[in-house]
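# Coordinate analysis (summary)
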Amino acid sequence: MNIKCLATTLILVFVSTVALPVLAQESAPQTPADCQRIYEGDDAMIRACIDSLRK
């Protein structure tokens, strides 16, 4: 039982270490430059992103 608990703890620590930086990032772009960086190469998505910032 102790090995199972230890393995579960180690898995949770590993998943937390990988997931937390991803979740900590701001998901929504804040500036037009962010839109251009995120949607690089897709002009329609860049335009839609910039339009959504103006609203």
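Numbering of residues starts from 1 in every chain and runs along the sequence as written. It should be noted that, the model being predicted, local features are given only for residues of pLDDT at least 70 and side-chain atom pairs only at 80 or more, the latter also being counted only at that level, while totals for whole chains, interfaces and linings use all residues. Excluding hydrogens and water, the side-chain figures rest on all heavy atoms present in the structure.

## What about the overall build of the protein?
Threshold: Here a helix means four or more residues in a row that DSSP labels H or I, a strand means two or more in a row labelled E, and each is numbered from the N terminus. Think of it in three bands: with a 1.4 Å probe and only protein chains considered, a residue is buried below 20% of the maximum accessible area for its type, exposed above 50%, and partly exposed in between. Computed by Shrake-Rupley with a 1.4 Å probe, the accessible areas treat only the displayed protein chains as cover when residues are assessed.
Scanning the protein for helices and strands turns up three helices and zero strands. Burial analysis of the protein (55 residues in total) assigns 11% to the buried set. Surface summary for the protein: the accessible area is close to 4,900 Å², and the carbon and sulfur share equals 64%.

## Some thoughts on the confidence of the model for the protein
This is how it is decided: Per-residue confidence from the predictor is reported as pLDDT, which spans 0 to 100.
Per-residue confidence for the protein gives a mean pLDDT of 85, with 87% of residues at or over 70. Across the protein, the secondary-structure element scoring lowest on mean pLDDT is helix α1 (residues 2-24), at 84, and the one scoring highest is helix α3 (residues 43-54), at 91.

## Here we look at the pattern of salt bridges
What counts here: The working definition used for a salt bridge is a side-chain nitrogen of Lys or Arg within 4 Å of a carboxyl oxygen of Asp or Glu.
Summed over all chains, the structure comprises one salt bridge. Measuring nitrogen to oxygen at the nearest pair gives 3.4 Å for the salt bridge that ties R37 to D34. With a gap of three residues between them, R37 and D34 both fall in helix α2 (residues 32-38), about one helical turn apart. Take R37: its relative accessible area is 57%, and that puts it in the exposed class. By relative accessible area, which is 19% here, D34 ends up buried.

## Structural notes on the environment of M45
Its location among the elements puts M45 in helix α3. For M45, a relative accessible area of 36% puts it in the partly exposed group. Residues M45 and C35, spaced ten residues apart in sequence, show a C-alpha to C-alpha distance of 8.2 Å.

## Quick word on α3
We apply this condition: Given a helix with a known number of residues, its expected span is that number minus one, times 1.5 Å. Think of it as the arc spanned by the lines of direction from the helix axis to the C-beta atoms. Whether two residues are in contact is decided by their heavy atoms: any pair within 4.5 Å suffices.
Between its first and last C-alpha atoms α3 spans 17 Å; for twelve residues at 1.5 Å apiece the expected length is 16 Å, and the two agree. For α3, the complete set of buried residues consists of I46, C49 and I50. Summarising the axial view, the buried residues of α3 lie within an arc of 95°, below the 170-degree limit, and thus occupy one face. Among the structural elements, α2 are those in contact with the buried residues of α3.

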